[in-house]
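# Structure assessment
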Amino acid sequence: MTENLTGEYHRPGRIEVVCGSMFSGKTEELIRRMKRAKFARQRVEIFKPSLDVRYSVEDVVSHDKNTITSTPIDSSAQLLLLASDIDVVGIDEAQFLDDGLVDVCNQLANRGVRVIAAGLDMDFRGVPFGPMPGLCAIADEVTKVHAICVRCGALAYLSHRLVAGDKRVLLGEKAEYEPLCRECYRKAMEERVGE
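Residues numbered from 1 in each chain as written. Predicted model: local features only at pLDDT ≥ 70, side-chain atom pairs only at ≥ 80, totals over all residues. Heavy atoms only, no water.

## A few points about the nonpolar core
Of all hydrophobic cores here, the largest spans 25 residues; its most connected members are Leu79, Val89, Ile91, Leu101, Leu108 and Leu135. Elements represented by at least two residues in this core include exactly β3 (14-20), α2 (77-82), β8 (88-91), α3 (101-110), β9 (114-120) and α4 (132-138). Counting residues per element, this core draws most heavily on α3, which supplies six residues. Other than its neighbours up to four places away in sequence, Leu79 contacts Phe47, Ile73, Val89, Ile91, Leu101, Val104 and Leu108. (Core = buried A, V, L, I, M, F, W, Y, C linked by side-chain atoms within 4.5 Å. Buried < 20%, exposed > 50% of the residue type's maximum accessible area, 1.4 Å probe, protein only. Helix = DSSP H or I, 4+ residues; strand = E, 2+ residues; numbered from the N terminus. Contact = heavy atoms within 4.5 Å.)

## Quick word on the environment of Arg32
As for its placement among the helices and strands, Arg32 is situated in helix α1 (residues 26-39). Arg32 sits in the partly exposed class, given a relative accessible area of 41%. At 2.8 Å, the side chain of Arg32 forms a polar contact with the side chain of Glu29. (Polar contact = N/O pair within 3.5 Å; in protein donor to acceptor, adjacent residues only side chain to side chain.)

## Considering the sheet that holds β9
Across the sheet, six strands lie side by side as β7-β4-β8-β9-β3-β10; this open sheet has parallel pairing. If you trace the sheet from one side to the other, it starts and ends with β7 (71-73) and β10 (141-145), each paired once. Shown here is a sheet whose adjacent strand axes are inclined to one another by a mean of 20°, direction ignored. In this structure, strand β4 (residues 44-49) lies alongside β7, joined through three bridges in parallel fashion. Bridge pairing in β7 places Phe47 opposite Thr71. Against the sheet, α1 engages β3, β4, β8, β9 and β10, with an angle of about 165° to β9. Across the sheet, α3 lies against β3, β8 and β9, angled at about 140° from β3, the strand it touches most. (Pairing = 2+ DSSP bridges. Axes fitted to C-alpha atoms, helices over the stretch in contact; angles between N-to-C directions.)

## Some points on the pairing of β9
With six of seven residues buried, β9 lies mostly within the body of the structure. Direction of pairing for β3 relative to β9: parallel, over a ladder of seven bridges. Bridge pairing links Arg14 to Arg114 in β9. Alignment of β8 against β9, held across four bridges, turns out to be parallel.

## Some remarks on the pattern of salt bridges
Inspection of the entire model under this criterion finds 14 salt bridges. Between Glu141 and Arg33 there is a salt bridge, with its nearest N and O atoms 3.5 Å apart. Of the two residues, Glu141 is situated in strand β10 and Arg33 in helix α1; the sequence distance between them amounts to 108 residues. According to the relative accessible area criterion, Glu141 is partly exposed, its value standing at 28%. The exposure class of Arg33 is buried, given its relative accessible area of 8%. Ionic contacts of the salt-bridge type, sharing partners, join the residues Arg14, Glu16, Glu29, Arg32, Arg33, Arg114 and Glu141 into one network. (Salt bridge = Lys/Arg side-chain N within 4 Å of Asp/Glu carboxyl O.)

## Regarding unusual backbone geometry
Look at Arg41: it is not a glycine, yet its phi comes out positive at around 65°. Take Arg41: it is sitting in the loop between α1 and β4. Taking the relative accessible area as the measure of exposure, Arg41 reaches 66% and is therefore exposed. At Glu93, a position not held by glycine, the phi torsion is positive, near 55°. Turning to its location among the elements, Glu93 is positioned in the loop between β8 and α3. Given a relative accessible area of 9%, Glu93 falls into the buried group.

## Notes on the environment of Val44
Turning to its location among the elements, Val44 is positioned in strand β4. Separated by 44 residues in sequence, Val44 and Val88 have C-alpha atoms that sit 4.7 Å apart. Apart from residues no more than four positions distant in its own chain, Val44 is found in contact with Met34, Ala37, Lys38, Ile86 and Val88.

On their own, these measurements won't tell you what the molecule is for.
And the structure:
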């Protein structure tokens, strides 16, 4: 460990993953960690997939409308070029990036960079999503956050899609998705089959 200008110890590189369903606070937690690192006078940069334009083309925006300036990227390989002089790299909506993200995060951490990746761990069908399972496997720390099931109040298990369609990536909000616990999701799937 090395000591920085403020006397706080800087950890060597590491990978932190924040995952869970929609509306669980993943982006809120990412923004909180990034702001704390910035407060500690670390050089920080946050990235997001360029396809995520729900609230803003450039900013990372939580469902509660908290924002942080970000850099949109098209592939994980861009992180290696854009994060050359950065102490802490944040990645929002990591599930939308390519599978090369796992190797890129390892390379960054091995260079001494703290990497914080936030994303959905499962898609609307309950299937592990994109590079998230690989990131969870190599992470130094995994924080699974939970939304509240809108039907019964239990901890939510996944993001249930309310609109028709089998396309895996459908950017949406409360009109398109709802957080459900395992039991309410099972019942919702049975109701859909019965329609």
